[in-house]
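# Summary of the model geometry
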Amino acid sequence: MKPKILVVEDDVKISNLIKIYLEKNSYNVVQAYDGEEAKHVYEQHSPCLIILDLMLPKVSGEEFCQWVKKGESDDPSLIMLSAKARTDDKISGLRLGADDYMTKPFSPEELVAHVEAVLRRTGHFCQKIAVDGLVIKPRKGEVLLNGELIELTNYEFNLLYFLMENPDQVFTREQLVNQIHPYGDADIMSRTIDAHIKKLRRKIEEDSSRPVRIVTVRGMGYKFHGA
């Protein structure tokens, strides 16, 4: 699964061009067009990398960068974009916490190459998966919903991680048993998958009686809705 990238750029044409080239390289891309919107999109999607224009309306790129860096300890990689080409401007950006700094104008191919280079250096730290405010961090063993930490059992955590790793794929109860309890009694455990799913839904669904994240596929099993 390719990392999720947040593009924060107020020029819609430039933003869409960046998105097109990143998606051609199989990256998952979300967009924001000002600093305030960027905060909301960041909290919802918890990207692994941010491409950030410094000249933004409402909240500047520098302010947004500082806000991100004050947040979680496993903060994302960050590439700054700016028309400022002076050495001291680049140094200031890097001191704010950027992993790379590119000046405008730039070619989309060059930006993709920089993204790949940054992720090679830092990407192995980014294994989290985020969908609509639900974030799972396997390295830290944490799950957050809209920024709030959720307590899960080991079975619940492993089950959720497997489903989120494979969005929109349907798995039978037996397949899920093999993932979370490969050496257990399948006959007993297959009956408890429903119980694990029920408990998970109570913790991650807005209305557990009408789930939209972990969906039942009648006659087949369960899937995580990843759209």
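First, a word on scope: everything that follows refers to the structure included in this document. Keep in mind it's a predicted model, so treat the numbers as computed, not measured. (Residues numbered from 1 in each chain as written. Predicted model: local features only at pLDDT ≥ 70, side-chain atom pairs only at ≥ 80, totals over all residues. Heavy atoms only, no water.)

Attention now goes to the pattern of salt bridges. Applying the stated criterion to the full structure yields 6 salt bridges. For the salt bridge of lysine 104 with glutamate 9, the shortest nitrogen-to-oxygen distance reads 2.9 Å. With lysine 104 in the loop between β5 (100–103) and α5 (108–122) and glutamate 9 in the loop between β1 (4–8) and α1 (12–24), this pair connects stretches of sequence that are 95 residues apart. Lysine 104 is the salt-bridge partner of aspartate 53, the closest N and O atoms lying 3.2 Å from each other. Taken together, the residues span a long stretch of sequence, with aspartate 53 in strand β3 (residues 49–53) and lysine 104 in the loop between β5 and α5 at a distance of 51 residues. (Salt bridge = Lys/Arg side-chain N within 4 Å of Asp/Glu carboxyl O. Helix = DSSP H or I, 4+ residues; strand = E, 2+ residues; numbered from the N terminus.)

Moving on, we get to the sheet that holds β5. Pairing within the open sheet is parallel, and its 5 strands lie in the order β2-β1-β3-β4-β5. Each edge of the open sheet carries a strand with a single partner, namely β2 (28–32) and β5. Between one strand axis and the next, the sheet turns by 20 degrees as a mean value, whatever way the strands run. Here strand β4 (residues 77–82) pairs with β5 via 4 bridges, running parallel. Within β5, the residue paired with serine 82 across the bridge is threonine 103. Against the sheet, α1 touches β1, β2, β3 and β4, its axis set at about 170 degrees to β2. Along the sheet, helix α2 (residues 35–45) contacts β1, β2 and β3; its crossing angle with β2, the most-contacted strand, is approximately 150 degrees. (Pairing = 2+ DSSP bridges. Axes fitted to C-alpha atoms, helices over the stretch in contact; angles between N-to-C directions. Contact = heavy atoms within 4.5 Å.)

In a regular helix each residue adds 1.5 Å, so 15 residues correspond to 21 Å; α5 covers 21 Å between its end C-alpha atoms and thus fits that length. Of the residues making up α5, those classed as buried are Pro108, Leu111, Val112, Val115, Val118, Leu119 and Thr122. Across the axial projection of α5, the buried residues extend over an arc of 125 degrees, all falling on one side. Close packing links the buried residues of α5 with β1, α1, β3, β4 and β5. (Expected span 1.5 Å × (residues − 1). Buried < 20%, exposed > 50% of the residue type's maximum accessible area, 1.4 Å probe, protein only. Arc of directions from axis to C-beta.)

By the element assignment, threonine 103 lies in strand β5. Residues threonine 103 and lysine 90, spaced 13 residues apart in sequence, show a C-alpha to C-alpha distance of 8.8 Å. Every residue in contact with threonine 103, bar those within four places of it in the chain, is listed here: Ser82, Lys84, Ala85 and Lys90.

A relative accessible area of 3% places aspartate 53 in the buried class. Of note is the side chain of aspartate 53, whose polar atom sits 3.2 Å from the side chain of lysine 104. Leaving out residues up to four positions away in the same chain, aspartate 53 has contacts with Val8, Glu9, Asp10, Gly61, Leu81 and Lys104. (Polar contact = N/O pair within 3.5 Å; in protein donor to acceptor, adjacent residues only side chain to side chain.)

Another point: the sheet that holds strand β9 (residues 148–150). Taken in spatial order, the 4 strands of this open sheet run β6-β7-β8-β9, and their pairing is antiparallel. With partners counted over all chains shown, the strands left at the sheet margins are β6 (129–131) and β9, one partner each. Strand-to-strand twist across the sheet, computed as the mean angle between neighbouring axes with direction ignored, equals 25 degrees. As defined by bridge partners, strand β7 (residues 134–137) adjoins strand β8 (residues 142–145) across 4 bridges and the pair is classed as antiparallel. Each bridged residue has a counterpart across the sheet, and for leucine 134 the counterpart in β8 is leucine 145.

Let's shift gears to the packing of aromatic side chains. Tallying each qualifying case throughout the model produces 4 aromatic pairs. Ring centres 6.5 Å apart and planes at 85 degrees place the aromatic pair tyrosine 42 and phenylalanine 64 in the edge-to-face group. One end of the pair, tyrosine 42, is in helix α2; the other, phenylalanine 64, is in helix α3 (residues 61–69), and 22 residues separate them in sequence. Considered together, tyrosine 42 and phenylalanine 64 belong to a single accessibility category, that of buried residues. With 5.8 Å between their ring centres and 25 degrees between their planes, phenylalanine 64 and tryptophan 67 make a pair best called stacked. Of this pair, phenylalanine 64 and tryptophan 67 are both found in helix α3, 3 residues apart, which corresponds to roughly one turn of the helix. Given the relative accessible area of 27%, tryptophan 67 is considered partly exposed. An aromatic cluster of at least three residues, connected via ring pairs, comprises Tyr42, Phe64 and Trp67. Seen from the ring of tyrosine 21, lysine 24 lies directly overhead, with NZ or CZ sitting 4.9 Å from the centre. (Phe/Tyr/Trp six-rings, centres within 6.5 Å; stacked < 30°, edge-to-face > 60°. Lys NZ or Arg CZ within 6 Å of the ring centre and 35° of its normal.)

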